[in-house]
Amino acid sequence: MTRPDVTVVVAVYNTMPYLTECLNSLVKQSIGKDRLEIVAVDDGSTDDSGRELDRFAERYPGVVKVIHQANSGGPAAPSNRALEVATGRYVYFVGSDDHLGREALERMVKYADAHGSDVVVGKMVGTNGRYVHQALFQRNDPDVSLYDSALPFTLANTKLFRRDFVEQHKLRFPEDMPVGSDQPFTIEACVRAGRVSVLADYTCYYAVKRGDASNITYRADHLARLRCTAQIMEHAAGLIEAGPKRDAVFKRHFTWELAKLVQDDFPSLDRATRDEVCAGIAELADAYFTDALRDSMDVRRRVRIALAQRGAVDLLVRAIEDEAEHGAPPMLLEDGRAYLRYPGFRDPALDLPDRLFEVVGESVPKQLADGTALVSAAWEQDGDDMAVSLAVRVPVTGETGTATVRLAGRAMPKSADKPGGRRVPVGTALPALVGETGQEAAADGTGTVLLARIPLQPTRAKLGVRAYLDVAGSTYEIPVKTQGVPLPLARRWREKVPYRISATANAKGRLVITTAPLWEPPPGASLRLRRVLSRVKRKLTR
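Let me begin by describing the structure that accompanies this report. Predicted model only: the values in this text are computed from it and were never measured.

**Some points on the sheet that holds strand E14 (residues 396-398)**
Thought 1: Strand order in the open sheet formed by three strands is E11-E10-E14, and the pairing between neighbours is mixed. What marks the edges here is a single partner per strand, and that holds for strand E11 (337-340) and E14. Put simply, the sheet's adjacent strands are angled 30° from each other on average, direction ignored.
Thought 2: Across three bridges, strand E10 (residues 331-334) lies against E14 in parallel orientation.

**Quick word on the nonpolar core**
Thought 1: Counting residues in each nonpolar core, the largest one holds 157 residues, and the members touching the most others are Phe254, Phe266, Leu390, Leu407 and Leu456.
Thought 2: When residues of this core are assigned to their parent elements, the largest contribution, eight residues, is made by strand E9 (residues 196-208).
Thought 3: Once you skip the residues sitting within four places of it in the chain, Leu390 turns out to touch Leu374, Ser376, Ala377, Val405, Leu407, Leu450, Leu451, Ala452, Ile454, Val465 and Leu511.

**What to know about the environment of Asn506**
Thought 1: One can find Asn506 in the loop between strand E22 (499-505) and strand E23 (511-517).
Thought 2: Owing to a relative accessible area of 34%, Asn506 belongs among the partly exposed residues under this scheme.
Thought 3: In this structure, the C-alpha to C-alpha distance between Asn506 and Lys481, residues 25 residues apart in sequence, is 9.2 Å.
Thought 4: Within polar-contact distance, the side chain of Asn506 engages the backbone nitrogen of Lys508 at 2.9 Å.
Thought 5: Separated by 2.9 Å, the side chain of Asn506 and the backbone nitrogen of Arg510 make a polar contact.

**Regarding the sheet that holds strand E13 (residues 385-394)**
Thought 1: With respect to topology, four strands assemble into an open sheet ordered E12-E13-E18-E17, the strand pairing being antiparallel. In this open sheet, the two edge strands, each paired with only one partner strand, are strand E12 (373-382) and strand E17 (436-441). Across the sheet, the mean angle separating the axes of adjacent strands is 15° when strand polarity is ignored.
Thought 2: Note: E17 against strand E18 (residues 448-455), six bridges, orientation antiparallel. Along E18, the bridge assignment pairs Glu440 with Val449.

**Digging into the packing of helix H8 (residues 222-237) against helix H10 (residues 271-288)**
Thought 1: Packing of H8 against H10 leaves a shortest axis separation of 10 Å and a crossing angle of 10°. With respect to their mutual orientation, H8 and H10 come out roughly parallel. Residue-level contacts link His222, Leu223, Leu226, Ala230, Met233, Glu234 and Ala237 of H8 to Thr273, Glu276, Val277, Gly280, Ile281, Leu284 and Tyr288 of H10.
Thought 2: Its residues assigned to classes, the contact of H8 with H10 shows nine nonpolar, three polar and two charged.

**Quick look at the packing of aromatic side chains**
Thought 1: Enumeration over the complete set of coordinates arrives at 13 aromatic pairs.
Thought 2: An angle of 50° between the planes, with centres 6.5 Å apart, marks the rings of Tyr92 and Tyr205 as tilted. In this pair, Tyr92 sits in strand E4 (residues 90-95) while Tyr205 sits in strand E9, placing the two residues 113 residues apart along the sequence.
Thought 3: Under the relative-accessibility criterion, Tyr205 is labelled buried at 1%.
Thought 4: Between Phe250 and Tyr288, the ring centres sit 4.9 Å apart and the planes meet at 70°, which makes this aromatic pair edge-to-face. Pair noted here: Phe250 is in helix H9 (residues 244-260) and Tyr288 is in helix H10, with a separation of 38 residues, a long-range link. Per residue, the accessibility class of Phe250 equals that of Tyr288, and both read buried.
Thought 5: Cluster of aromatic residues (ring-pair linked, three or more members): Phe93, Phe161, Phe173 and Phe185.
Thought 6: The aromatic ring of Tyr339 is capped on one face by Arg346, whose charged end is 5.6 Å from the ring centroid.
Thought 7: Looking at Arg406, its charged tip hangs above the ring of Tyr468, at a distance of 4.6 Å from the centre.

**A word on the state of the cysteines**
Thought 1: Per the stated rule, a full pass over the model turns up zero disulfides.
Thought 2: Unpaired in terms of disulfides, Cys204 finds its nearest cysteine sulfur in Cys22, a separation of 15 Å.
Thought 3: The exposure class assigned to Cys204 is buried, which follows from its relative accessible area of 0%.
Thought 4: Cys278 forms no disulfide, and the closest cysteine sulfur to it belongs to Cys228, at a distance of 19 Å.

**Regarding the pattern of salt bridges**
Thought 1: The full count for this structure, using the stated rule, is 32 salt bridges.
Thought 2: Arg130 is the partner of Asp98 in a salt bridge, and the nearest nitrogen-oxygen pair spans 3.9 Å. Placement of the pair is Asp98 in the loop between E4 and strand E5 (99-100) and Arg130 in the loop between strand E6 (119-127) and strand E7 (141-144), with a sequence separation of 32 residues.
Thought 3: According to the relative accessible area criterion, Arg130 is partly exposed, its value standing at 23%.
Thought 4: In this structure, Asp141 and Arg139 form a salt bridge, with 3.5 Å as the shortest nitrogen-oxygen distance.
Thought 5: Given a relative accessible area of 16%, Asp141 falls into the buried group.
Thought 6: Here the residues in one salt-bridge network are Asp5, Arg35, Arg89 and Asp113, joined through shared partners.

Rules of the game
- Residues numbered from 1 in each chain as written.
- Predicted model: local features only at pLDDT ≥ 70, side-chain atom pairs only at ≥ 80, totals over all residues.
- Heavy atoms only, no water.
- Pairing = 2+ DSSP bridges.
- Helix = DSSP H or I, 4+ residues; strand = E, 2+ residues; numbered from the N terminus.
- Axes fitted to C-alpha atoms, helices over the stretch in contact; angles between N-to-C directions.
- Core = buried A, V, L, I, M, F, W, Y, C linked by side-chain atoms within 4.5 Å.
- Buried < 20%, exposed > 50% of the residue type's maximum accessible area, 1.4 Å probe, protein only.
- Contact = heavy atoms within 4.5 Å.
- Polar contact = N/O pair within 3.5 Å; in protein donor to acceptor, adjacent residues only side chain to side chain.
- Parallel < 35°, antiparallel > 145°, perpendicular 65-115°, else oblique.
- Nonpolar A, V, L, I, M, F, W, Y, C, P; charged D, E, K, R; others polar.
- Phe/Tyr/Trp six-rings, centres within 6.5 Å; stacked < 30°, edge-to-face > 60°.
- Lys NZ or Arg CZ within 6 Å of the ring centre and 35° of its normal.
- Disulfide = S-S within 2.5 Å.
- Salt bridge = Lys/Arg side-chain N within 4 Å of Asp/Glu carboxyl O.

Quick look at the structure:
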C-alpha cells in the first residue's frame, strides 16, 4: 500500500452535529483520498458521535479508520492513540467540531515539501464567535521563529507536523491535562523544529464555537486552567533558558491564560478559590514574571497580575469591580508621566513600583475616552451674541493646567449664501471655536471638571465638542459623550437673519452642536414645516 502523504487525527467526544461537517470537510479534501488517511478516536462518546464515525468508516474504507475507547477526560489520550497507528508522511490534528477549507491539506503538504518544513501553520479563522489570534497570518512566511513572531499566540496543535520529526523527538500529549494539553506538544515542536512555516494566503482551518459554548476550553474551571497553565509553563521552562526568548513565549501565558483567571468573573468566585488562584499566579509570577516581561504588557493586565502576586485579593476584587462599573480608573499626570490610579497605587503596604501603573502610547486614548463625559451644557445669549457653556469631566488629575474644551467640525453640506450667512465651501473643515476654560476638582477627587464658555458663529455647521489634554508629551483630542445628561433645548438667536442652534447626541453618543439659518428645516421636518420656513425665508431675505 502506498504511504499516504498526510494522516489527519481527530479526537472525538460528543461533538454531534458538528462532527459530520468536520468529517465531510476531510473526505472532500482536494489532496485526494489516495494521499489521505483519517484516524478518528472516539473517546467514549455518549451521543451519536461513535455511530457517525462508523458510518464514515464504512463509506470510506481504507481512508477513515476508527478506534473506540473508554473516556479519558480530554483530547490528549485519543490523540496519542492515533499517533501510534498513523502512517502518513505528515500528521495534522483537527478538532472534531471544526472543519477545513477544501484545499487545506494539499496546500500545506506542498508548502512543507517545498520548504523542508517540520511544522506548517495554516491560516485559521474563528466562526460563531470563536476568537482566533490573527497576527501570525498577515503573510506567507517559510521560516518563522517562536521568539520574534506572533507564533506564541497560536499554540494549538492544529498544524501540519512532519511525522518522522514527531517520532524522532518522541512528541506526545500529556494525558493528565484536561485543557491545554496541545500546548506542551506544540511548544516543544516549535522549539526543536528546523523550520516552522506559515501559510497565510488560504484559510485552512475554521475553528467553531459551539452554540452552547460546550467546547472543553470554555468548560474548564479556574483551578483546572491554573494547574494546566502551570504545567505548560514548567514544560516550556525546561526547553527554553531564562531570558528574552522565554519572555517572548511566556508573554502569551501572562497576557492570555493567567490574565483570564482574574477577569470580570473572578469576584464571583468563593473566597477559598480566589485565594488559591492568586497563590498559583503568585508562584508563576515569582518564577517567570521578569521586569522586561512586565513592562511589555498593558497596564491593566500587569496590575492585576501584580496584585495577585502580592496576595492583595481584596484590592484585586475592588480593581475588577470598579473597572467593570466605571471603566478605567482616573489618571494622574505628574512630572511628564501618566499613571492609572488602580487600587494599590502607592500603597505603602504593597510597595509596588510606580512604573507598574504607568500608561503610555496607544492605550492612552482609550483610558481618556472611557472617562471623559459631559456634566452640563447651557446656552448663554447676550443680544445677537450666543455662547455655549459646558462642564466636561475628564478622568485626569495632577498637571491638567493646559487642558481645554473646543468645538471642532466641518461645514454642513450646503453653504450659506444669503445676507448674514458666510459662504463656506462644502465639507470645509472649520477653525476650532475656543473660549475660556477654567477647572475645578471633581467632587469625588478622581477627575477634573473643565468649565468652558465658547462663543458661537453664525455659520451652517456641525461642531463636535472635544476635550484636549496634554499627556506624557502628546496632545490628545477626546470626543465628549453625553451619557444621558439633559441637553439644552434648541434656540433661535440673532434678529435680522435668525439662526437656530441645537445640541444633540450623535449615533456614538457624542455631543454635537449644530448651527444653521432658522429658515432651513431640520432633518426629517414635515412638509408643512418646510413650507412655513420657506415663507419665513422669503420675508427675511427681501
